[in-house]
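Below are the chains, spelled out letter by letter.
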Amino acid sequence: MRLLIKNGTIVNNDNTQKANVLIENDKIIDIINHEDVTVDETINAEGMLIVPGLIDMHVHFRDPGYEYKDDLESGSKAAVAGGVTTCLPMANTNPLNDNRSITEAMIAKSKNIGLIDLLPIGAISKGFKGESIVEMGDMIEAGAVAFSDDGLPVTDSSVMRSALEYASSFNSFVISHSEDCCLAHRGVMNEGEISTILGLKGMPSEKEEIMVARDMLLAKLTGGHIHIAHVSSEWSLKLIALAKKEGINVTCEVAPHHFSFTDKKLLTYDTNYKMSPPLRSQRDMEAMREGLKNGLVDVIATDHAPHHSDEKFVEFEKAPFGILGLQTLVPLTLKLVEDNVISLNKMVELTSYKPAKLLKLENKGKIDKGMLADIAILDPNLEYIYDDNLNKSKSKNSPLLYEKLKGAAVYTIKNGNVVYKFPECITK
Amino acid sequence: MVYNKKDLIGLRELSKEEILYFLDSAQQFKDLNNSEIKKDKLLHGKTVINAFFENSTRTRVSFETAAKRLAADAINFSSSSSSVSKGETLVDTIKNMQSMKTDIFVLRHSASGAASFVANNIDASVVNAGDGANEHPTQALLDLFTIKEHKGTLEGLNVSIIGDILHSRVARSNIWAMNKLGMNVRIFGPATMIPKYSEVFNCKVCKTMEEAVEGSDVIIMMRIQLERQNESLVPSIREYSKFFGLNKERIKLSNKDAIIMHPGPINRGVEINSDVADSQRSVILDQVENGVAIRMAVLNILNQNRKG
């Protein structure tokens, strides 16, 4: 099977070129400047951007256990509809992914669906209890790539220390859900002017920063690699910058909602803007954008967190935290490019190249000869309403649902096969 | 009609004219309440449900009295004995009661935003009778009515609101309204009970009780919720009383004709001493009386708005 993507603009982290991409089976076999080849199928990418398949290091697919929110199939469909070909699902499933049999089952089910590569993140601690670490070696052997109790912090510093030390034995890393739960316990939004106006209990940004600081210090102590999930505050980034400057092995990610929105969105008590960490101040949002621009932030990850409509259709305080993210990753990130915060090359670095490097995926993250044919073809100018026909998640908890968006993945190619095509009725 | 909305959720969104309209409308009901036959037929044939998802005595009785004096069928509902305890959602519970052809819901709920959430999802009118730490508009209206009654005016008055501002929906509604009405608001309380971002209130934050009370025309003491002690917000009731309570000595710093207010129920000897609560300056029982008139005005205006 040979596929030619012609007339498009190839965007890599370090270069941009107008050229054609020749794919045979699951590999990119050549980058060519002509069309004089025999192929089975051709995609005309005139006016489109050809980028390496996006890698989302932070998703929740709710499978096993909460399949009514999303499962591996609907999650995979949402991923490819967002140009994402590799996903790292967090371990807070039911049962938890804290042993190899769950990891194996998730990977087997995903392979059977065949839309994306699923690289599970195992729990740090057995039962998410924060007491003893999981069998990391066994789980890595089964296909887990990193470890996190995401949703909960590991409050016992000695357990976190062990996790960092032990993970490094397997050349793996630990992802920190940085939250000091005692500070502003039961907070439901950012503590700031808006929470003061609304009379809602706030979560100060220090709630995150305190734990970021601790985990930087534990990474210093152990030499282990700590990856800070969903950074939301200016001071978290300041601490990460200091740690990086000091040579501590730290990386971090920012979610699109944290570089796109502020807590002002909560003035109507819209539960679709309720997330943890919460939307913060204008200053924090600008710090996220600056961090993406100056290279301090390593990765954009969505924290795709589906919740059923019934769960969100309640009093604000009762609603669960979380927002859909996979299908709004491209438009929100392209908006950063449009706003001249980052270049298209930087966008590719943040959404594909750098995640591939962190995960040591040698054959992903670039459009180049010999690389795996995981490709997203983006139309940066396509305007559309993100509606129920487009939304592939079982859930609807996106504040952008039914809103007009600009920019989308119009083709997603996984292992050389087209696994998603944007509806023609809209593209035409 | 100056006020033409379906619901009354809070005073933050209201204009000065709308707030004054409620106050002016309440006067006729105060007069009615002081007459021999305290009854009018303005809401005859209408159903008002007091949907209280949080405990309350005076607010519920006040609303019930108001509805009945306007000849509405007033029905009381409390969540402790309801289907909410069986897992039904708030909106489903209210929608079921709306199906019984309810015209107005008086909603009390522990969650901020609950009143607007319900109002946005039903056709019946909603009066917010207190939602979390957000707003308690009828309490603020009755406070303003009482102040105007005693002072003859509102603009330019110095008002001190003292106590747990952070968790107080009464303080919020009062502050939003008083700012619009040209009143000078000061707030004071333990630092743990003053929001860190209190500049949004656009009022002076005092450092001491003396600073808060000095030159005041109106002192509104907020009830301290005794359960807050568990949150390490105050070390003890004794200490709270000593540094943040109102007593006769401190009142001497206020203007001679200053009035003392409290939304109740009062904790005697804690936020307010009995010699103050029961003094000539105290208008606490006037507030309770005026509460009925204000609530009659609110129910009547919303009912008129329903007629379109």
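Residues numbered from 1 in each chain as written. Chains lettered and ligands numbered in written order. Predicted model: local features only at pLDDT ≥ 70, side-chain atom pairs only at ≥ 80, totals over all residues. Heavy atoms only, no water.

As a measure of interface size, the accessible area lost when the parts come together is often cited. Counting residues at the interface gives 17 residues for chain A and 23 residues for chain B. Around 1600 Å² of area is buried between chain A and chain B when both sides are counted, 60% of it from carbon and sulfur atoms. In this assembly, chain A and chain B are joined by zero salt bridges. Our count for the contact surface shared by chain A and chain B stands at five residue pairs in polar contact (both at pLDDT 80 or more). Its residues assigned to classes, the side of chain A that touches chain B comprises eight nonpolar, four polar and five charged. (Contact = heavy atoms within 4.5 Å. Buried area = accessible area lost by both parts, 1.4 Å probe. Salt bridge = Lys/Arg side-chain N within 4 Å of Asp/Glu carboxyl O. Polar contact = N/O pair within 3.5 Å; in protein donor to acceptor, adjacent residues only side chain to side chain. Nonpolar A, V, L, I, M, F, W, Y, C, P; charged D, E, K, R; others polar.)

Residues and elements named next belong to chain A. Domains assigned within chain A are domain 1 (2-50 + 371-421) and domain 2 (53-359). Of note, the centres of domain 1 and domain 2, computed from C-alpha atoms alone, are 26 Å apart. Roughly 3000 Å² is buried in total at the junction of domain 1 and domain 2, and carbon and sulfur atoms are behind 61% of that figure. Broken down residue by residue, the surface that domain 1 buries against domain 2 is led by Asn13, Lys394 and Asn397, which jointly contribute 23%. The tally of links between domain 1 and domain 2 comes to three salt bridges. Ionic pairing is found between Asp117 and Lys414, a salt bridge with its closest N-O pair at 3.0 Å. Across the domain 1-domain 2 interface, the total number found is 19 residue pairs in polar contact (both at pLDDT 80 or more). Broken down by secondary-structure element, the contributors of at least two residues to the side of domain 1 that touches domain 2 are strand 19 (375-385), strand 20 (404-414) and strand 21 (417-421). (Domains from an automatic or database assignment. Helix = DSSP H or I, 4+ residues; strand = E, 2+ residues; numbered from the N terminus.)

Residue and element names in this part refer to chain B. Counted residue by residue, strand 5 (residues 158-162) has four buried out of five residues, so it is predominantly covered. Sheet topology note: the strand 5/strand 6 (residues 184-188) ladder contains five bridges and is parallel. Directly across from Asn158, in strand 6, lies its bridge partner Asn184. Each parallel crossover has a hand, and for strand 5 linked through helix 6 (residues 169-180) to strand 6 it is right-handed. Pairing of strand 5 with strand 8 (residues 218-221), which is carried by four bridges, proceeds in the parallel orientation. In the sheet register, Ile161 faces strand 8, and the bridge partner there is Ile220. (Buried < 20%, exposed > 50% of the residue type's maximum accessible area, 1.4 Å probe, protein only. Pairing = 2+ DSSP bridges. Right-handed = clockwise from strand over helix to strand, strands pointing away.)

This next bit is on the sheet that holds strand 1 (residues 2-6) of chain A. Residue and element names in this part refer to chain A. If you walk across this open sheet you meet the four strands as 5-4-1-6, and the pairing is mixed. The strands lining the two open edges of the sheet, one partner per strand, are strand 5 (27-32) and strand 6 (41-44). With strand direction ignored, the average angle separating the axes of adjacent strands in the sheet is 20°. Note that strand 1 and strand 6 share four bridges and pair parallel. By the bridge assignment for strand 6, Lys6 is matched with Asn44. (Axes fitted to C-alpha atoms, helices over the stretch in contact; angles between N-to-C directions.)

Residue and element names in this part refer to chain B. Tracing the sequence through the fold places Leu181 in the loop between helix 6 and strand 6. Here Leu181 falls in the buried class, since its relative accessible area comes to 4%. Separated by 162 residues in sequence, Leu181 and Ile19 place their C-alpha atoms 8.6 Å apart. Here Leu181 is in contact with Lys16, Ile19, Leu20, Leu144, Leu154 and Glu155, once residues within four sequence places are set aside.

Turning to the packing of helix 11 (residues 329-338) of chain A against helix 12 (residues 344-358) of chain A, a few remarks are in order. All names here are of chain A. Contact geometry for helix 11 and helix 12: axes closest at 9 Å, N-to-C directions at 140°. Overall, the two elements helix 11 and helix 12 adopt an arrangement that is oblique. Regarding helix 11 and helix 12, the two cross each other, and that crossing is right-handed. Across the interface between the two elements, Leu329, Val330, Thr333, Leu334 and Val337 of helix 11 pack against Leu344, Met347 and Thr351 of helix 12. (Parallel < 35°, antiparallel > 145°, perpendicular 65-115°, else oblique. Left-handed = near helix turned anticlockwise from the far one by under 90°.)

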